[in-house]
Amino acid sequence: MAGAPVLFNALGPLPRPPAAGAPQVPPRVDVAVVGGGVVGLSVGWHLARRGLAVAVFDAASAGGGTSSAATGMLAAEAEHEPGGDPLLELCRESLALWPSFRDALEADAGASIDYWEKGTLIVAVGRDEVDRLRARHGLQVRAGLDARWMGASAVLDLEPGLRPNVGGGIFCPGDHQVDPRLTVAALRAAFLARGGLLVEAAAADRLDMSGGAVTGVVVGGQLCRAGTVVIASGAAAASGNLLPDGLRLPLRPLKGQSMALRARPLFGRAQPLPIDHVVWTAEVHIAPKSDGRMIVGATMEEAGFEASVTAGGLYALLEGVRRVLPGVEEMAVEGVWAGFRPTTEDDAPALGACAVPGLAFAAGHHRNGYLLAPVTAQAIEALVVDGRVAGAAAGFGIGRFGKGDA
């Protein structure tokens, strides 16, 4: 299945199998969401909270694809890159929504998503990396971000488990993180608790159209009529025959390989993780979790939907983390997997309506699916309920790619 992680250990991200007795394709809903990852579930949950009849369709298992292969970083400040000011505005708006999004989600689901507010530390090893990181810090400062330059000693004071050859770093205290596995499980539970219909192992065949407008979606040969159909199927959003003629969504899968590590017990006692913050280097991102795992990700590979975990990918991850964390060679490898970032030609999502009435998009979030889930859900909710998208999301319509603007 395109987008599903490849597992070599049961302790890695594990797609949930479709539930026994899952609901059949409903004949009619207010909104049909194609794709049950973190974005599709967030959209469905928000709409269900407004009292709408919502069905989320997933070709395999909800949350079992790229959403379970992520690290769960909410890194609006650390992610900022040259030319990314419009996306930065969207990311910061979404990050500001996350606390209320978290509170409502945990209340509806009755479960924690392991939300951390400790910040992200970007570190440099060697003079060349320090120079590049200083240039990045200048970009962040000019953008008005709370990004703090730290010398080597200050970095080691914050994270004494790092190697002493660290040359400096940037601390972004406003960046947060969640546990992806807990978050998609909570979204699933919250959506169902609000009366949503989750239909798994149900691939969307085609859109149902009448008079040039989308009037529903055909799933597994069965028609579900809907006032609005939302395409939120991640890296697969532009594949197959789902898009109407004339719409252009330049989206491709960008493969990433990741792994989960855990400190092995010493003399029968569990050992703490060597870091307490999300740590970025030039090669890897390292995210500690409350359950004792440390997620290391992720490679960036143009490989289509080729999903295998490779020796070269795992070597790159291990070498990247070894450069900054001594003793990583003694940690246990709990899981390795690959996923597919849904990446557009400008690395930003397609949000909102298009030139075809009844069709909306929540796709192309690249590596920011978790970060942008709240603002995406809010945007689609506003579109369905109020007829328009407001705020920063209004600038990310599919029309910017040519053909298909609303």
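Note: the structure precedes this text.
Residues numbered from 1 in each chain as written. Predicted model: local features only at pLDDT ≥ 70, side-chain atom pairs only at ≥ 80, totals over all residues. Heavy atoms only, no water.

Engineer: In this structure, what is going on with the overall build of the protein? I would like to understand it.
Structural biologist: In terms of helices and strands, the protein carries 7 helices and 18 strands. For the protein, whose C-alpha radius of gyration is 21 Å, the value lies close to the compact-globule estimate of 22 Å for 406 residues. In terms of principal-axis extent, the alpha carbons of the protein reach across some 65 × 50 × 40 Å. Here the protein, with 406 residues, has 55% of them falling under the buried criterion. The contacts of the protein with a sequence gap of at least 6 include a subset with a gap of at least 24, amounting to 76%. Carbon and sulfur atoms make up 53% of the accessible area of the protein, which totals about 15,800 Å². The averaged location of the 41 negative side-chain charges in the protein is 1 Å from the averaged location of its 34 positive side-chain charges. (Helix = DSSP H or I, 4+ residues; strand = E, 2+ residues; numbered from the N terminus. Rg over C-alpha atoms; globule rule 2.2 N^0.38 Å. Buried < 20%, exposed > 50% of the residue type's maximum accessible area, 1.4 Å probe, protein only. Contact = heavy atoms within 4.5 Å. Areas by Shrake-Rupley, 256 points an atom, 1.4 Å probe, with all protein chains shown as cover. Lys, Arg positive; Asp, Glu negative; His and termini not counted. Charge placed at Lys NZ, Arg CZ, Asp CG, Glu CD.)

Engineer: Any chance you could explain the side chain of Ser67 here in plain terms?
Structural biologist: Mapping Ser67 onto the fold places it in the loop between β2 (54–57) and β3 (73–74). A polar side-chain atom of Ser67 sits 2.8 Å from the main-chain amide nitrogen of Val38. The contact partners of Ser67, leaving out residues within four places of it in the chain, are Gly37, Val38, Pro180, Val184 and Tyr370. (Polar contact = N/O pair within 3.5 Å; in protein donor to acceptor, adjacent residues only side chain to side chain.)

Engineer: Can you walk me through the nonpolar core in this structure?
Structural biologist: Side chains of nonpolar character tend, in soluble globular proteins, to be buried together. With 50 residues, the main nonpolar core has Val33, Trp45, Leu74, Leu90 and Leu105 as its most contacted residues. Looking at this core, the element that brings in the most residues is helix α2 (residues 85–109), giving 9 residues. Listed in part, the 30 residues of the second largest apolar core include Val25, Val29, Cys224 and Ala237. (Core = buried A, V, L, I, M, F, W, Y, C linked by side-chain atoms within 4.5 Å.)

Engineer: Whenever I open this one, the packing of aromatic side chains confuses me. Can you help?
Structural biologist: Aromatic ring pairs are described here by two measures, namely the spacing of the ring centres and the angle between the planes. A full pass over the atoms with the stated rule returns 4 aromatic pairs. When the centroid spacing of 5.2 Å and the interplanar angle of 85° are considered together, the rings of Trp45 and Phe101 count as edge-to-face. Of this pair, Trp45 sits in helix α1 (residues 38–49) while Phe101 is found in helix α2, placing the two residues 56 residues apart along the sequence. For Trp45, a relative accessible area of 1% translates into the label buried. (Phe/Tyr/Trp six-rings, centres within 6.5 Å; stacked < 30°, edge-to-face > 60°.)

Engineer: Is there a simple way to think about the side chain of Glu129 in this case?
Structural biologist: Looking at the element boundaries, Glu129 is found in helix α3 (residues 127–142). For Glu129, a relative accessible area of 11% puts it in the buried group. Looking at Glu129, its side chain comes within polar contact range of the main-chain nitrogen of Val125, at 2.8 Å. If sequence neighbours within four positions are ignored, Glu129 has contacts with Val123, Ala124, Ala282, Glu283 and Arg323.

Engineer: Explain the environment of Leu74 here, please?
Structural biologist: In this structure, Leu74 sits in strand β3. The residues contacting Leu74, other than those within four sequence positions of it, are Leu95, Trp98, Tyr115, Asp175, His176, Gln177, Val178, Tyr370 and Leu371.

Engineer: Is there a simple way to think about the pattern of salt bridges in this case?
Structural biologist: Where charged atoms from two side chains of opposite charge approach closely, those side chains can pair. Counted by the stated rule, this structure contains 24 salt bridges. Between Arg127 and Asp131 there is a salt bridge, with its nearest N and O atoms 3.4 Å apart. Remark: Asp131 and Arg127 occur in helix α3; sequence separation between them is 4 residues, near one turn of the helix. Residue classification places Asp131 among the partly exposed residues on the basis of a relative accessible area of 42%. With a closest N to O distance of 2.8 Å, Glu302 and Arg252 form a salt bridge. Of this pair, Glu302 sits in the loop between β15 (293–297) and α6 (311–322) while Arg252 sits in strand β12 (residues 251–262), and the two are 50 residues apart along the sequence. (Salt bridge = Lys/Arg side-chain N within 4 Å of Asp/Glu carboxyl O.)

Engineer: Looking at this structure, I do not really get unusual backbone geometry. What am I missing?
Structural biologist: Phi is mostly negative for residues that are not glycine, and the peptide bonds are mostly trans. With an omega dihedral of -20°, the bond running from Gly297 to Ala298 counts as a cis peptide bond. In this structure, Ala298 sits in the loop between β15 and α6. Phi angles above zero are rare outside glycine, and Asp347 is one such case at about 65°. Tracing the backbone shows Asp347 in the loop between β16 (332–344) and β17 (350–353).

Engineer: Please clarify how the environment of Ser112 should be interpreted in this entry.
Structural biologist: Position of Ser112 among the secondary structure elements: in the loop between α2 and β4 (120–125). Placed 75 residues apart in sequence, Ser112 and Leu187 show a C-alpha to C-alpha distance of 11 Å. At a separation of 3.0 Å, a polar atom in the side chain of Ser112 contacts the main-chain amide nitrogen of Asp114.

Engineer: Sorry if this is basic, but what is going on with empty space enclosed by the protein here?
Structural biologist: Unoccupied space between atoms shows up once a probe the size of one water molecule is rolled over them. Applying the stated criterion across every chain, the model contains 2 cavities of 30 Å³ or more. Here the largest cavity is characterised by a volume of approximately 40 Å³. Taken together, 10 residues make up the lining of the largest cavity; nearest its centre are Ala70, Pro180, Arg181, Arg293 and Ile295. Secondary structure elements with two or more residues in the lining of the largest cavity: α5 (180–193) and β15. Across the lining of the largest cavity, the residue classes break down as 5 nonpolar, 1 polar and 4 charged. (1 Å grid on protein atoms, 1.4 Å probe; cavity = no way out; pocket = protein on both sides within 12 Å on 5 of 7 lines; lining within 4 Å. Points joined across faces, edges and corners; volume = space filled by probe spheres on them. Nonpolar A, V, L, I, M, F, W, Y, C, P; charged D, E, K, R; others polar.)

Engineer: Looking at this model, I keep getting lost on the sheet that holds strand β13 (residues 278–280). Mind explaining?
Structural biologist: Note on sheets: strands pair through backbone hydrogen bonds, and any given pair is parallel or antiparallel. If you trace the 8 strands from one edge of the open sheet to the other, you get β5-β6-β4-β13-β14-β15-β12-β16, paired in mixed fashion. Because the sheet does not close on itself, it has two edges, and the strands there are β5 (148–151) and β16. Taken pair by pair, the neighbouring strands of this sheet meet at an average axis angle of 20°, ignoring direction. Of the pairings in the sheet, the one linking β13 to strand β14 (residues 285–288) comprises 2 bridges and is antiparallel in character. Paired with Trp280 across the strands is His285, a residue of β14. (Pairing = 2+ DSSP bridges. Axes fitted to C-alpha atoms, helices over the stretch in contact; angles between N-to-C directions.)

Coordinates in, geometry out; function isn't part of it.
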